[in-house]
Every structure is written in structure tokens, then in C-alpha cells.
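# Summary of structural features
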Amino acid sequence: MRRGLGVFMAACVLAASPAALAHDVSSDTSRITASAADLSLAYNTQTDLSFRRGLQIRLAWTGDYAGPFSGMIEARTLRAIRDFQARLGMNADGVISEAMLQTLVELSDKAQGDLGVAMVDDAATGGRLPVPLKLVSDRGPTEVGHLWRSGDQSVELETVRIADTGQTLAGLYATLSEPTAQRSVRDAEKAEDWFTVSGTEQGRRYFMRFAASGSDLRGFSMSYTPAREAEVAPFVAVASQLFEPFAGDPGSPLVADAKPNPFSSMLARRRTASEGEARYAMAGPGDGTAGANLFELPRERRYGGAALEPAQGVAPQPGTPAFDMAGSGFVVAKGWLLTNAHVVRGCKAVEVGSDMAATDIRMDDDNDLALVHVESSLGEPLAISAAKPRLGEDILALGFPLRSILADSLNVTRGNVSSLLGLMNDPRYLQISAPVQPGNSGGPLVDLAGRVVGVVTAKLDAVAVADATGDIPQSINFAIRPDAVAAFLHANDIAFRTADPKAPLESVPDATARVKDAVYPVVCTD
């Protein structure tokens, strides 16, 4: 602090002035205002910026301040100083004494120490944020970022990244700031490139902060039970301001290689590969000729017999689940739903809808398909097409994407069948243009007659391809073909319905209404 003693002396002079000694708030508002202005001027001109920022951070840790750590001492910060003083039985005049400063340091240090707060670089999203490591433990990567959770599940902290999906900051804010039947909104604030939303959902407090850089949206959310509010609320106030959403680049799932002869390069790499069998994909200008780039997809690692493609740069933690936390599924027979294997792989418990526990799970890892059985009553089974769709055919993707931050109702997107083959001409997959997000995995792909023509399973990482080719791929997503689905159902003796090939095509709303009651969220609950 610059001229620290001078600050205290100046503050004492201000405190002894007639304006500062005014006690009748109702009769002399002008004097109180002048005193606050004089105090602000003294702090802002006679102390270092780092001291003022530190003061705001420490007041946030004690639960007295919630606002930007700008280092500008204004009415909100002065009120926090006075609140701190009054709470501890000091003279609430806004003047910082040696005793007050020492107490503030001790209490704020204790608040941080009790939570074990450390700044963490999240390689999954590229963000940097404080994490209360004594309160929550690392639960590993999710479909949209990274998750930390307390042992009793009373506190959850999750990072989120949404990129190149067409979603905008304004659109996301409009969705999250709108209350629903299950979620109230207490506060919502939006600036040009960030927003915050807080409230209550199903009896738990929540807070979210998102920021944008172009089409790249990054944020974090925290939810906790009311019993945890005293210790968590100050942390949220600090984390909101210390969060650096664009501190780094998220790790890329594709490793680009632009050798003159991609296929020769691929063979050379396979000869020198030391662990497992590498998988590759090609990306180029679209004509399959010059400028093709080779991509090596991440090697699979094995944890407890379950295949997991590790998050970019995130070292798997002990107990990290080898699965996605949530996805979608649809009814294919009485009591049976179909989803992706990667949605339920490794789950100790699976829940369908809001309260239907799975009693049996059957998986085909090679084709990324899984059957989930529940005892409860479900909607009418959807009919599986016996034939693959036609190239260019209109299709709908249904599911429950990004349920942790978006509305939890069914989401429907429209597109076309772009290719009848997947990456590297894989005959098990279709390429589709319908936009899909994390959480769409396992949802049905239907035509306008309501026939299931695929199961949504993956999307191409646009950022990784852009880094390698200089061009951002648009709407490249994938679904498992209906013949692979039928083979899996036959192998498990599931008596599914075969779609009528002559069924008439309908409008998008009518086709959606025909199938929507058979689509459910599928969630890993343990």
C-alpha cells in the first residue's frame, strides 16, 4: 500500500470532519453523501490499485461484498466495509483501521483455507477458475466440460463450453434467465460479452456465469443445498469475478497432419504406434482431392474394461467414470429403450425420465448401442426403418441436449442426410446436417413419416478441423444407420416394430408430435 500511514491519517481527518460526524441520516443526506465521496476519493487516490482490489476480494470472502474486483472504491465497496465493521462490533464509519485490516485478513484467509481454494486450469474448456478442493473432488470430464462434486452431492461445480453450434450469448441468456416450473430466477445480469444468472432449482441454489468470444461460449455453474449457503455463497462471489473463461485453448480431440501423402503417412504412423490401434479420419476442401488432411483420433484408454476417449489434456482421476453423464433414448419395445453405449457405459445406476430406474442394460461397444430396461410404463415404441434413408432426405434429431444449462424439455432440430457413410467410409454411420449438442447422444433420428432412420451418436469437432485446415466445417454430425440398429435388436431378441415403407410424409410439427412421447432423457445417477 502506498503511503499507508498517510491514508489512515487522511481517513481519520475525514472521520473527524463535520460531514463524517453527521448522525441524523434523514435530516442531513447531503453530508452523508459528501462523506462517502471524500472517503472514495481518499482510497482511490492514496492507495495502490492492488491494495484496493485485494480489499474487495477479502470483503467478498467474508460475505460482505458482491461485485467486480475493479479496484475502484465506490458506494458498494464502502457499504461492504461498513457492513463488515458493524457485523464485528466496530465503528461502522467506513474508515479502515489497523485493527479492522488485521481482522479482515485473518477472516478472509480462514474462509479460503477452510475450502482449500486453488486456481485450476481446466483443459476441457480452456478456462481458469478457483475450485474449493476441500469441499469438492474431481469427478472427471463431462460432455460439455468438467465436473467437481462433494461426497454427499450437496455441492457441484461444473465448467461448460459451447462452441460453433449456432448458439449465441444472447440466446443462451434468454433461455437461462427465463424461469420455468422447476427453476426460479433470483438475479440475472447481462453485459455485452458476459452474463450471470442465479436462483433456485428443485430446492438447490444455483449460480451460472457465461462469457463469449465470437461463437465460443464458456462458463461455469455451481449448485448447492441451502445448508451449504454460508460457506458457498462467498466462494461464488469470488469465483464469479476471478473466472477467466478464455485463459487458454481447450485441448483438441484431433491431431492434424498435413503430409504430402496422407495415406502413406497413416501407414507409417501405424507401424510406429506403440500402444493400441490408432483411428484416423480425412478432412479436405470437399472434393476429395488436393489439400486433404489426415486426423488421428485419440487412442482409447481402458479403465475397468470400459473404453474412454480421454478429455483433451485432462489426466483421468481415480474413480473417474468412463462414460457421459447424460444423453437421450427412445422406446423400441415394451419396457426397452435404445440409446448409445457411451451414455450408460460404466454407470452404477441409470435413470430414465425423471424417476424410472433401469433394471437391465445391454451394450454393444463396437456399434455404440445400448438397451435400457425399465419396469415403468413408457410411450409407444417407435418403428425402425428397414431401409436406409435416401441421400438428401429430410430428417429430425430429437433429444435432451445440455440439460444442465438449457431447458429440460424435448429439443428437435431439422436437417438432411448428407452422406450414407461415416468417417473413412464407415458403413455403420450416416452423416447428417441436423444440429446436435452434447446430450443428443442416443436420441432417435427420424424422417418426416416418423420412421427411425438412425441413432444420433457424434459430431465432428469443428475447432480441431479448423485449426488443421483453416476452414470451419459446418453441420457435420453422425448417426448410426438403421440396419445396424436392427441387427443389435435382433441379437438381443427384442421384438421391435418395423416401419411401414409407404407411410406418408408429414409436416415437421406433425412428425414430431407422432414420436415425441417415446423419447426420454437417460441420466447416469451414480
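Refer to the structure printed above.
Below or above, wherever it landed, is the structure these notes cover. (Residues numbered from 1 in each chain as written. Predicted model: local features only at pLDDT ≥ 70, side-chain atom pairs only at ≥ 80, totals over all residues. Heavy atoms only, no water.)

### Digging into the packing of helix α3 (residues 49–61) against helix α7 (residues 229–242)
In contact at an axis separation of 7 Å, α3 and α7 are set at 145° when each is read in the N-to-C sense. On α7, the residues touching Ile57, Ala60 and Trp61 of α3 are Pro234, Phe235, Val238 and Leu242. By residue class, the composition of the contact of α3 with α7 is seven nonpolar, no polar and no charged. (Axes fitted to C-alpha atoms, helices over the stretch in contact; angles between N-to-C directions. Helix = DSSP H or I, 4+ residues; strand = E, 2+ residues; numbered from the N terminus. Contact = heavy atoms within 4.5 Å. Nonpolar A, V, L, I, M, F, W, Y, C, P; charged D, E, K, R; others polar.)

### Some words on helix α6 (residues 169–176)
Among the residues of α6, those classed as buried are Leu169, Leu172, Tyr173 and Leu176. One side of α6 carries all its buried residues, which in axial view fall inside an arc of 100°. Looking at the buried positions of α6, the neighbouring elements they touch are β5 (155–163), β6 (183–190), β7 (194–201), β8 (204–213) and β9 (216–224). (Buried < 20%, exposed > 50% of the residue type's maximum accessible area, 1.4 Å probe, protein only. Arc of directions from axis to C-beta.)

### Concerning helix α4 (residues 75–87)
Between its first and last C-alpha, α4 extends 18 Å over 13 residues, near the 18 Å set by a 1.5 Å rise per residue. Along α4, the positions that sit buried rather than exposed are Thr77, Leu78, Ala80, Ile81, Phe84 and Gln85. Considered in projection along α4, the buried side chains sweep an arc of 155° and stay on one side of the axis. Downstream of α4 by a residue or two, Gly89 has a phi angle that is positive, lying close to 75°. (Expected span 1.5 Å × (residues − 1).)

### A look at the sheet that holds strand β19 (residues 369–374)
Pairing is antiparallel around the closed barrel formed by six strands, whose spatial order is β15-β16-β19-β18-β17-β26. Along the sheet, successive strands turn relative to each other by an average axial angle of 40°, direction set aside. With three bridges connecting them, strand β15 (residues 326–333) and strand β16 (residues 336–339) associate as antiparallel partners. Considered in β16, the bridge of Ala333 is made with Trp336. On the sheet, helix α11 (residues 482–491) packs against β15, β16, β18 (356–364) and β19 and is oriented at approximately 50° with respect to β19. (Pairing = 2+ DSSP bridges.)

### Some remarks on the side chain of Thr512
Mapped onto the elements of the fold, Thr512 is located in helix α12 (residues 508–515). Overall, the relative accessible area of 13% leaves Thr512 in the buried class. If sequence neighbours within four positions are ignored, Thr512 has contacts with Leu396, Leu398 and Val412.

### Focus on unusual backbone geometry
Phi at Asp368 takes a positive value of approximately 55°, unusual for a residue other than glycine. Structurally, the position occupied by Asp368 is in the loop between β18 and β19. We note that Asp493 has phi near 55°; this positive angle belongs to a residue other than glycine. Overall, the relative accessible area of 72% leaves Asp493 in the exposed class.

### Looking at the pattern of salt bridges
Taken as a whole, this structure holds 19 salt bridges when the rule is applied. Residue Asp64 is joined to Arg87 by a salt bridge in which the shortest nitrogen-to-oxygen separation is 2.7 Å. With a gap of 23 residues between them, Asp64 in the loop between α3 and α4 and Arg87 in helix α4 connect regions that are remote in the sequence. Since its relative accessible area comes to 14%, Asp64 is described here as buried. Given the relative accessible area of 47%, Arg87 is considered partly exposed. A salt bridge links Arg228 to Asp152, with the nearest nitrogen and oxygen atoms 3.5 Å apart. Of this pair, Arg228 sits in the loop between β9 and α7 while Asp152 sits in the loop between β4 (145–149) and β5, and the two are 76 residues apart along the sequence. By relative accessible area, Arg228 is classed as buried at 19%. (Salt bridge = Lys/Arg side-chain N within 4 Å of Asp/Glu carboxyl O.)

Function cannot be inferred from these measures alone, as they are strictly geometric.
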